Amino acid sequence: MAVAGATPQAVSVEVPKQMSTASERPKWGSRGQFIMVLMGYAIGLGNIWRFPYMCGKYGGGAFMIAYLFSLFCIAAPLFVCETVLG
């Protein structure tokens, strides 16, 4: 909507002279560090530490064997695949 007697104002935008390349980007220290950060982001650290503690406290130590097996053989690979796919 135009107003009588109004003039458009100039807008200045700064454009970076040189775009950063992939080699200049920061990188993770290791693959394990990357996975732990993603798990903390997606699951939450409270749940990661609380579940094994509660199983041990209330006599679910035998269940931990099945839990750890499914965690490393099923959940972790699926988590990595889902993260890679976006």
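Everything below is about the structure shown above.
No experiment lies behind these values; they were computed from the predicted model shown.

Visitor: For this particular structure, what's the right way to read the overall build of the chain?
Guide: Regarding its fold elements, the chain presents three helices and zero strands. Each helix (α) and strand (β) of the chain, taken in turn from the N terminus, gives the series α-α-α. Residue burial in the chain is summarised as follows: out of 86 residues, 9% are buried.

Visitor: I'm lost on the environment of M39 in this one. Help?
Guide: In this fold, M39 is placed in helix α1 (residues 31-42). Along the primary structure M39 and A76 are separated by 37 residues, whereas in three dimensions their C-alpha atoms are 9.3 Å apart.

Visitor: I tried to follow helix α3 (residues 61-85) on my own but got confused; where do I start?
Guide: Given 3.6 residues per helical turn, the α-helix brings residues three or four places apart onto the same face. Taking 1.5 Å per residue, 25 residues should reach 36 Å; α3 reaches 34 Å between its end C-alpha atoms and fits that length. Of all the bends in α3, the largest measures some 40° and sits at L71. Downstream of α3 by one or two residues, G86 has phi in the positive range, about 100°.

Visitor: Sorry, what's going on with the packing of α1 against α3 here?
Guide: For the pair α1 and α3, interaxial distance at closest approach is 11 Å and the crossing angle is 85°. Comparing their axes, α3 and α1 come out roughly perpendicular. Residues R31, I35, L38, M39 and A42 of α1 form the contact with α3, whose own contacting residues are F79, V80 and T83. Its residues assigned to classes, the contact of α1 with α3 shows six nonpolar, one polar and one charged.

Visitor: Just checking my understanding: could you explain the environment of W28 for this structure?
Guide: Here W28 shows up in the segment before α1. With a relative accessible area of 47%, W28 lands in the partly exposed category. Setting aside chain neighbours within four positions, we find W28 in contact with Q33, F34 and V37.

Reading the values: the criteria
- Residues numbered from 1 in each chain as written.
- Predicted model: local features only at pLDDT ≥ 70, side-chain atom pairs only at ≥ 80, totals over all residues.
- Heavy atoms only, no water.
- Helix = DSSP H or I, 4+ residues; strand = E, 2+ residues; numbered from the N terminus.
- Buried < 20%, exposed > 50% of the residue type's maximum accessible area, 1.4 Å probe, protein only.
- Expected span 1.5 Å × (residues − 1).
- Bend = angle between axes of the 7 residues up to and from the residue.
- Axes fitted to C-alpha atoms, helices over the stretch in contact; angles between N-to-C directions.
- Parallel < 35°, antiparallel > 145°, perpendicular 65-115°, else oblique.
- Contact = heavy atoms within 4.5 Å.
- Nonpolar A, V, L, I, M, F, W, Y, C, P; charged D, E, K, R; others polar.

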